[in-house]
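Summary of structural features
Each chain, letter by letter, is given below.
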Amino acid sequence: MLIKRDQNSIKGYFEDSSNLKGGHADSIVIPENIEELSEFVKKANRDKLPITVSGGGTSTTGSRIPFGGVVVSLEKFNKIIDISTDRMSAVAQSGVLVEDFKNACSEKGLFYASHPTERSAFLGGTISTNASGARSFKYGPTRKQVKRLKMVLPTGLIFEIERGQTILIGKDPVIPLPTYKIPDVKNSAGYFAGEGTDYIDLFIGQEGTLSIITEAELSLSGMPYKIFSSFVFFKDMRDAWSFAAEARRSSALSIEYFDVNALRLLKAKNDNVPPDAKGAIFFEQELTGRDEEPIIDGWLKTIARHNASLDDTWAAMTADETEKFNQFRYAIPEALNDIVRRTGMRRLSTDIAVPEKNLTELMNFYVDTLTACGIDHAVFGHIGECHLHVNLLPKNEMEHRRSKDICMTLIKKGVSLGGTVSAEHGIGKTRREYLEVMYGRQGVVEMARIKKALDPNWILGLDNIFPKEILSMADSA
Ligand SMILES: Cc1cc2nc3c(=O)[nH]c(=O)nc-3n(C[C@H](O)[C@H](O)[C@H](O)COP(=O)(O)OP(=O)(O)OC[C@H]3O[C@@H](n4cnc5c(N)ncnc54)[C@H](O)[C@@H]3O)c2cc1C
């Protein structure tokens, strides 16, 4: 097991994509195998030494940034163990890059549907945050793909769990299942709860607070025969919204939205973005070969019905062209990160999803609130799942403080419309105050009790999801 202590060489582990400052740890621990990891965690538990788990470090919520203790990095758990066409599943270690995993599956003619925009995330990170992405419109979030997990619990116990398992580890520790209700939308806010909760679901979306995942078995699908994808530009943003509403009834793979400010960022990358576009939709559609003509014809009619010009519509039929469209789409978060690096200020963003019937109300609220505030912003994301990312780009401290208030206003509105405060990026360290808006104090204390049952000394993922005062409330219960 490698232990790195030289602060200069380990400072990269104190950052992620949140731009949260002040991270620090004594050392980085890099175990070679699960036995080493288990021994280390047993000792840390005895010594009450805090551990922050590190995957690819692409979190936008500061969840892999340590504030004390040590970092355990899974970078040596980087083997794909088996890809089975019979079982339509693959077994891989948690430090494998999602991109490498997808490529290895596709070489065997299989498709791993989890498709977060960021390509350098690890499988373990995406399971731990229940990541999703554009294609979760059709395939659901990472949770849907997870069949089995192998992990080390905060006591050091090596533990495997399969989907369908309703008893955890005999009767010890007893896990108090949550009673709070999660909204019926795409959701990555706090621990999963639901009727007849499957215990494996507690460990998906736990943000490194309940276990260290070392291996997973993940479901695969058959490779799509062909993907037709298209960028459709609209002169009125509301036409883009109504197009998306109709597209949601289709069998699309993904349906993504870009507001006028997101399009401005894209124009810097491609001169051909129509100058008068006020909104755009990117969608992907699987084709089987036999159905090509009627499906494409159907899309062309939908485009015309929502007042977009076919002259201003881009289409791709080959895998290379679709990849270029995807790269073009990825340029937005990259452009936002460039702005953050330039200004040195943190980007503030929300990750709200609401039930479909309330989406237009939320979209109108975004437009009114963001236009009135005068702070640079861009809205884009997964409109197919009624889930948009609002990004605020403050230029100074005053704008930063106002942006925080605006985010809270949007959060309260989203929750009042039956939504979630985080549909895919999780809570981490930067969104903890939102969780209480959604579940109330009692709900968050219930979550903390689940953690206490598995992590009696509070060593894992400290500061993620729960503020310290909530932990002490669970302690005194
Ligand atoms: C440009 C950009 C685009 C993005 N697009 C998307 C998107 O489309 N969809 C989406 O869902 N997210 C997106 N994200 C956010 C991010 O990529 C995801 O949250 C991703 O799942 C994080 O994976 P990671 O390996 O980088 O994890 P890290 O950042 O290293 O860690 C994230 C959390 O997981 C925990 N963790 C990591 N590995 C393990 C493990 N093995 N066991 C237990 N806990 C672990 C960490 O402790 C931490 O709490 C984007 C980020 C960026 C910067």
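Residues numbered from 1 in each chain as written. Predicted model: local features only at pLDDT ≥ 70, side-chain atom pairs only at ≥ 80, totals over all residues. Heavy atoms only, no water.

**Thoughts on helix α11 (residues 359-373)**
Rules: To qualify as a helix, a DSSP run of H or I must reach at least 4 residues; to qualify as a strand, a run of E must reach at least 2; elements of each kind are numbered from the N terminus. A helix is expected to span 1.5 Å for every residue after the first. A 1.4 Å probe rolled over the protein chains alone gives each residue an accessible area, and that area as a share of the maximum for its type sets the label: buried under 20%, exposed over 50%, partly exposed in between. Throughout, the arc means that of the directions going from the helix axis to the C-beta atoms. Whether two residues touch is decided by their heavy atoms; if any such pair falls within 4.5 Å, the residues are in contact.
End to end, α11 covers 21 Å across 15 residues, agreeing with the expected 21 Å (1.5 Å per residue, within 8%). Listing the buried residues of α11 in full gives Leu359, Leu362, Met363, Tyr366, Thr369, Leu370 and Cys373. Summarising the axial view, the buried residues of α11 lie within an arc of 140°, below the 170-degree limit, and thus occupy one face. In α11, those exposed residues whose orientation departs by more than 90 degrees from the buried face are Asp368, Thr371 and Ala372. On the buried face of α11, the contacting elements are α7 (237-247), β13 (254-259), β16 (348-350), β17 (377-382), β18 (387-392) and α12 (397-416).

**Details of the site of the ligand**
Filter applied, for reference: Near is defined per residue: the residue qualifies when any heavy atom it owns lies within 4 Å of the molecule or strand. Side-chain atoms alone can form a polar contact between residues adjacent in sequence; in general such a contact is a pair of N or O atoms within 3.5 Å, and within protein one must be able to donate a hydrogen while the other accepts it. Surface accessibility follows the Shrake-Rupley procedure with a 1.4 Å probe radius. Residue values consider only the protein chains on display as shielding. Polar here means any residue other than Ala, Val, Leu, Ile, Met, Phe, Trp, Tyr, Cys and Pro, which are nonpolar, and Asp, Glu, Lys and Arg, which are charged; Gly is therefore polar.
Not every one of the 35 residues close to the ligand is listed here, only the nearest: Val53, Gly55, Gly56, Thr58 and Ser132. One of the backbone N or O atoms of Gly56 is found 2.8 Å from an oxygen atom in the ligand. In this structure, Thr117 approaches the ligand through a main-chain N or O atom, which is 2.8 Å from an oxygen atom. Expressed as a share of its isolated accessible area of 980 Å², the protein-covered part of the ligand is 97%. Of all elements in the fold, only β3 (51-54), α4 (123-128) and β10 (212-219) reach the threshold of two or more residues within the shell around the ligand. For the shell around the ligand, the class distribution of residues is nine nonpolar, 22 polar and four charged.

**Brief notes about the packing of aromatic side chains**
Just so we agree on the cut-off: Under the pairing criterion, centres of Phe, Tyr and Trp rings, with the six-membered ring standing for Trp, must be within 6.5 Å; the plane angle then separates stacked pairs below 30 degrees from edge-to-face pairs above 60, leaving the rest tilted.
Tallying each qualifying case throughout the model produces 20 aromatic pairs. With centroids separated by 6.0 Å and ring planes inclined at 15°, the aromatic side chains of Phe231 and Phe233 adopt a geometry described as stacked. On the accessibility criterion, Phe231 (0% relative accessible area) is buried. Taking 5.5 Å as the distance between ring centres and 80° as the angle between the ring planes, the aromatic pair formed by Phe231 and Phe325 counts as edge-to-face. Pair noted here: Phe231 is in strand β12 (residues 226-234) and Phe325 is in helix α10 (residues 319-343), with a separation of 94 residues, a long-range link. There is no split in this pair, since Phe231 and Phe325 are both buried.

**With respect to the domain arrangement of the chain**
Worth spelling out the cut-off: By convention here, the domain bounds are inherited from an automatic or database domain assignment. Values labelled buried area give the accessible surface lost by two parts on being combined, using a 1.4 Å probe and summing over both. The rule for a salt bridge is simple: a side-chain nitrogen of Lys or Arg has to be within 4 Å of a carboxyl oxygen of Asp or Glu.
Once the domains are mapped, the chain shows domain 1 (80-177 + 201-222), domain 2 (224-331) and domain 3 (345-426). With 16 residues of domain 2 in contact, the opposing surface of domain 3 contributes 16 residues. In total, about 1300 Å² of surface goes out of reach between domain 2 and domain 3, with carbon and sulfur atoms giving 57% of it. When the buried surface of domain 2 facing domain 3 is broken down by residue, Trp241, Arg248 and Tyr257 rank first, second and third, together holding 47% of it. Run the count over domain 2 and domain 3 and you get two salt bridges. Measuring nitrogen to oxygen at the nearest pair gives 2.9 Å for the salt bridge that ties Glu356 to Arg248.

**Notes on the sheet that holds strand β2 (residues 27-30)**
Put simply, the test is: Here, any two strands with at least 2 DSSP bridges between them count as paired. For every element, the axis is a line fit to its C-alpha atoms; helices are fit only across the contacting stretch, and the angle between N-to-C directions ranges from 0 to 180 degrees.
A sheet is described by the order of its strands in space; here four strands give the open sequence β1-β2-β4-β3, paired in mixed fashion. Only two strands of the sheet have a single neighbouring strand rather than two, namely β1 (2-4) and β3. Direction aside, neighbouring strands of the sheet carry axes that sit 25° apart on average. Relative to β2, β1 runs antiparallel, the two being bridged by three bridges. Residue pairing for β2: Ile3 is matched across the bridge by Val29.

**A closer look at the sheet that holds strand β6 (residues 89-93)**
Spatial strand order, β5-β6-β10-β8-β9: five strands in an open sheet with antiparallel pairing. At either margin of the open sheet sits one strand with a lone partner, and together these are β5 (80-84) and β9 (158-162). Ignoring which end each strand starts from, the neighbouring axes of this sheet average 10° apart. Taken together, the five bridges between β6 and β10 define a ladder with antiparallel strand orientation. Within β10, the residue paired with Ser89 across the bridge is Ser219.

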